[in-house]
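If you want the building blocks of each chain, they are given just below.
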Amino acid sequence: MNEIKSDRILTRLGKQPDDIPFSYEELTYFISLPNRDPEIYHSDRDKYLATVDYEGYVFPEVHGLMIELNKNEKTVQVAYLSLELLRAPVLERWKYEGKITESEYKDLRTFILSHSLSKQLIIEEVMKQVRRDDRILFIDEKDA
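All figures in this text were calculated on a predicted structure; none of them were measured in a lab.

### As for the packing of helix H1 (residues 2-13) against helix H4 (residues 102-114)
It is the contact of H1 with H4, at a shortest axis distance of 9 Å, that shows an interaxial angle of 110°. If you check the angle between H1 and H4, you find them roughly perpendicular. Crossing angle aside, the handedness with which H1 passes H4 is left-handed. Counting all contacts with H1, which are made through Asn2, Glu3, Lys5, Ser6, Asp7, Ile9, Leu10 and Arg12, the residues of H4 involved are Glu104, Asp107, Leu108, Thr110 and Phe111. Taken together, the residues of the contact of H1 with H4 break down into four nonpolar, three polar and six charged.

Structure follows, in C-alpha cells:
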C-alpha cells in the first residue's frame, strides 16, 4: 500500500526513488569495524540480507532495516538503520517547501528504507565499512 502511495507522490513530483539520496551515518553496527574475521571480511554480497523490521500485519509499522550475514549456516546481525534516524535531505526540503505533507514525508521515508535499491546501497555501505582499512601511517619524528 505504501509503495502505491509513494509512487503517486514521486510521479506528481516528477521524481524516481533513485533521485532521493539518503545518509548512512546513522547505521548502528553490531560488530567491530573494520572486521578482520575472515568469515565476515571475505563474505560475498549474496551472503548479506536486508530485512525490513516491522510490527503488525494488517497495518504494518516499519521500524527500520536489519542487515544480516549468513555465516556458516547461522545468521549474524551486522547493522541496523532505524527509520527514525534515516536522513534524506531532499525529503526534508520538500516538506519545508510544502511540496509534500507530513504524512507523505513519513510514507516516502518508509518507502525509501524498504526499496530494493536502498537495500542494495545499504548492504554495499556495510560491506565497505567492514572491509575498510584503518591502518595509520606513522611518520618517524626524525624525518618530520
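### Side note on the sheet that holds strand E3 (residues 61-71)
One open sheet holds the four strands; their spatial order is E1-E4-E3-E2, and the pairing between them is antiparallel. Strand pairing shows two members of the sheet lacking a second neighbour, strand E1 (28-29) and strand E2 (48-55), which therefore form its edges. Pairing analysis gives two bridges linking E1 to strand E4 (residues 74-82), with the strands arranged antiparallel. Among the inter-strand pairings, Thr28 is bridged to a residue of E4, identified as Tyr80. Sitting on the sheet, H4 is in contact with E2, E3 and E4, with an inclination near 10° to E3. Along the sheet, helix H5 (residues 116-130) contacts E1, E2, E3 and E4; its crossing angle with E2, the most-contacted strand, is approximately 120°.

### Overview of H5
Taking 1.5 Å per residue, 15 residues should reach 21 Å; H5 reaches 21 Å between its end C-alpha atoms and fits that length. Among the residues of H5, Ser118, Ile122, Ile123, Glu125, Val126, Met127, Gln129 and Val130 are the ones counted as buried. Structurally, H5 contributes buried residues whose contacts are with E1, helix H2 (38-41), E2, E3, E4 and H4.

### A look at the packing of aromatic side chains
Taken as a whole and judged by the stated rule, the model has two aromatic pairs. Ring centres 5.4 Å apart and planes at 65° place the aromatic pair Phe22 and Tyr24 in the edge-to-face group. One residue, Lys95, lies across the ring of Tyr105, its end atom 4.2 Å from the ring centre.

### Observations regarding the pairing of E2
Relative to E3, E2 runs antiparallel, the two sharing eight bridges. Of the residues in E3, the one forming a bridge with Glu55 is Glu61. A loop of five residues connects E2 with E3, the two strands running antiparallel in sequence, and Gly56 in this loop sits at a positive phi of about 95°.

Analysis parameters
- Residues numbered from 1 in each chain as written.
- Predicted model: local features only at pLDDT ≥ 70, side-chain atom pairs only at ≥ 80, totals over all residues.
- Heavy atoms only, no water.
- Axes fitted to C-alpha atoms, helices over the stretch in contact; angles between N-to-C directions.
- Helix = DSSP H or I, 4+ residues; strand = E, 2+ residues; numbered from the N terminus.
- Parallel < 35°, antiparallel > 145°, perpendicular 65-115°, else oblique.
- Left-handed = near helix turned anticlockwise from the far one by under 90°.
- Contact = heavy atoms within 4.5 Å.
- Nonpolar A, V, L, I, M, F, W, Y, C, P; charged D, E, K, R; others polar.
- Pairing = 2+ DSSP bridges.
- Expected span 1.5 Å × (residues − 1).
- Buried < 20%, exposed > 50% of the residue type's maximum accessible area, 1.4 Å probe, protein only.
- Phe/Tyr/Trp six-rings, centres within 6.5 Å; stacked < 30°, edge-to-face > 60°.
- Lys NZ or Arg CZ within 6 Å of the ring centre and 35° of its normal.

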